[in-house]
Amino acid sequence: MARGLLWLGLVLLGSLQAQAQDSPPKLIPAPLLIKIPLQPDFQDDQFQGKWYVIGVAGNSINTEKRARLKMYTTTYKLKDNHSYEVTSTLIRNQRCDHWIRTFVPSSLPGQFTLGNIKRYVGVQSYTVRVMTTDYNQFAMVFFKKVYKNREYFKITLYGRTKQLPSALKEYFTGFARSLGLTDDYIIFPVPTDQCIDDK
């Protein structure tokens, strides 16, 4: 009897450990949108164009991403209906990759949702918010995605060139930390000429 109970206990313990390994990692909670600033008097025509991704901070960044992330670009092309065709150009598997999606304006200028969201299986909502920009040098943009009932968020620091003053990087880092992200969740991608400077 005692041996049977011991065996049952070991089986249950093994089962609990397997379930713990199968469960997704715990995420730093996404902030409420009201806690995220929104660029006043957003000018969609001035925001369009090519941006270099200088910094990325988010609750799904891990050691593997930190090691392989190279600088990439995101280009916003304004359409007649005030939505953007958004193209990110990055190096993936030693090749240039282009990821295209549509950001549709919401009732708040500077805030967008993902167009054709049904094409993205598992994505329940996707919000983009331009937090601050001077249009000519830098921008900080907040992204929040609900995917399979889990909330992911990231902040991106854009630059019109590959270099930004250290004060802007420090501001970006400080804001990311204010949302509960530690330095392990903040990346400054390595600058590169590959793909992102092609016309």
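Residues numbered from 1 in each chain as written. Predicted model: local features only at pLDDT ≥ 70, side-chain atom pairs only at ≥ 80, totals over all residues. Heavy atoms only, no water.

Describing the overall build of the protein chain
Next up, step 1: Secondary structure summary: the protein chain contains 4 helices and 9 strands in total.
Next up, step 2: Helices and strands appear in the protein chain in the N-to-C order α-α-β-α-β-β-β-β-β-β-β-α-β.
Next up, step 3: When each of the 199 residues of the protein chain is scored for burial, the buried share is 41%.
Next up, step 4: Taking the intrachain contacts of the protein chain between residues at least 6 apart in sequence as the baseline, contacts between residues at least 24 apart amount to 57%. (Helix = DSSP H or I, 4+ residues; strand = E, 2+ residues; numbered from the N terminus. Buried < 20%, exposed > 50% of the residue type's maximum accessible area, 1.4 Å probe, protein only. Contact = heavy atoms within 4.5 Å.)

Things to note about the pattern of salt bridges
A side chain of one charge can pair with a side chain of the opposite charge if their charged atoms are brought near each other.
Next up, step 1: Following the criterion strictly, the structure yields 5 salt bridges and no others.
Next up, step 2: Taking the shortest distance from any N to any O, the salt bridge between lysine 144 and glutamate 151 comes out at 3.9 Å.
Next up, step 3: Overall, glutamate 151 belongs to the partly exposed group, its relative accessible area being 35%.
Next up, step 4: Among the ionic pairs, aspartate 183 bridges to arginine 177, the shortest N-O distance being 2.8 Å.
Next up, step 5: What emerges from the salt-bridge pattern is a single network uniting Lys162, Asp193 and Asp197. (Salt bridge = Lys/Arg side-chain N within 4 Å of Asp/Glu carboxyl O.)

Considering the nonpolar core
Next up, step 1: Core analysis: the largest hydrophobic core is formed by 25 residues, its most contacted members being Phe47, Tyr76, Tyr84, Phe103, Phe143 and Tyr158.
Next up, step 2: Looking at this core, the elements with two or more residues in it are strand 1 (49-58), strand 3 (84-92), strand 5 (111-114), strand 6 (123-133) and strand 7 (138-147).
Next up, step 3: If you look at the next biggest cluster of nonpolar residues, it comprises 23 residues, including Ile36, Leu157, Phe175 and Ile186. (Core = buried A, V, L, I, M, F, W, Y, C linked by side-chain atoms within 4.5 Å.)

Let's talk about the state of the cysteines
One way to say it: the disulfide is the covalent bond shared by the sulfur atoms of two cysteines.
Next up, step 1: Inspection of every chain in the model, using the stated rule, returns 1 disulfide.
Next up, step 2: A sulfur-sulfur distance of 1.9 Å marks the disulfide that ties cysteine 96 to cysteine 195. Between cysteine 96 and cysteine 195 the disulfide shows an S-S torsion of about -95°. By sign, it is left-handed. A residue pair is termed long-range when its members are at least 10 positions apart, and cysteine 96 in strand 4 (residues 95-105) and cysteine 195 in the segment after strand 9 (186-187) qualify at 99 residues.
Next up, step 3: In this structure cysteine 96 comes out as partly exposed when scored by relative accessible area, which is 39%.
Next up, step 4: For cysteine 195, a relative accessible area of 6% gives the class buried. (Disulfide = S-S within 2.5 Å.)

Some remarks on the pairing of strand 7
Regular strands have side chains that alternate between both faces of the sheet.
Next up, step 1: Counting buried residues in strand 7 gives 8 out of 10 residues, a clear majority hidden from the surface.
Next up, step 2: Bridge analysis of strand 6 against strand 7 gives 9 bridges, and the strand direction is antiparallel. The residue bridging serine 125 from the neighbouring strand is valine 146, located in strand 7.
Next up, step 3: Turn length for the strand 6-strand 7 hairpin, with the two strands adjacent in sequence and antiparallel, is 4 residues, and the turn residue tyrosine 135 shows positive phi of about 70°.
Next up, step 4: As paired strands, strand 7 and strand 8 (residues 150-159) are joined by 10 bridges and run antiparallel to one another. From the neighbouring strand, valine 146 faces strand 8, where its bridge partner is glutamate 151.
Next up, step 5: The antiparallel hairpin formed by strand 7 and strand 8 contains 2 residues in its connecting segment, where lysine 148 sits at a positive phi of about 50°. (Pairing = 2+ DSSP bridges.)

Describing unusual backbone geometry
Next up, step 1: Non-glycine residue aspartate 41 carries a positive phi angle of around 50°.
Next up, step 2: Relative to the elements of secondary structure, aspartate 41 occurs in the loop between helix 1 (2-22) and helix 2 (44-47).
Next up, step 3: Using a relative accessible area of 64% as the deciding quantity, one classes aspartate 41 as exposed.
Next up, step 4: Of note, asparagine 116 is a non-glycine position whose phi angle comes to about 50°, a positive value.
Next up, step 5: Mapping asparagine 116 onto the fold places it in the loop between strand 5 and strand 6.

Let's talk about the side chain of glutamine 39
Next up, step 1: With respect to the secondary-structure elements, glutamine 39 resides in the loop between helix 1 and helix 2.
Next up, step 2: The exposure class of glutamine 39 is buried, given its relative accessible area of 12%.
Next up, step 3: A polar contact of 2.9 Å, which involves the side chain of glutamine 39, links it to the backbone nitrogen of threonine 133.
Next up, step 4: Apart from residues lying up to four places away in sequence, glutamine 39 is in contact with Pro109, Val130, Met131, Thr132, Thr133 and Tyr135. (Polar contact = N/O pair within 3.5 Å; in protein donor to acceptor, adjacent residues only side chain to side chain.)

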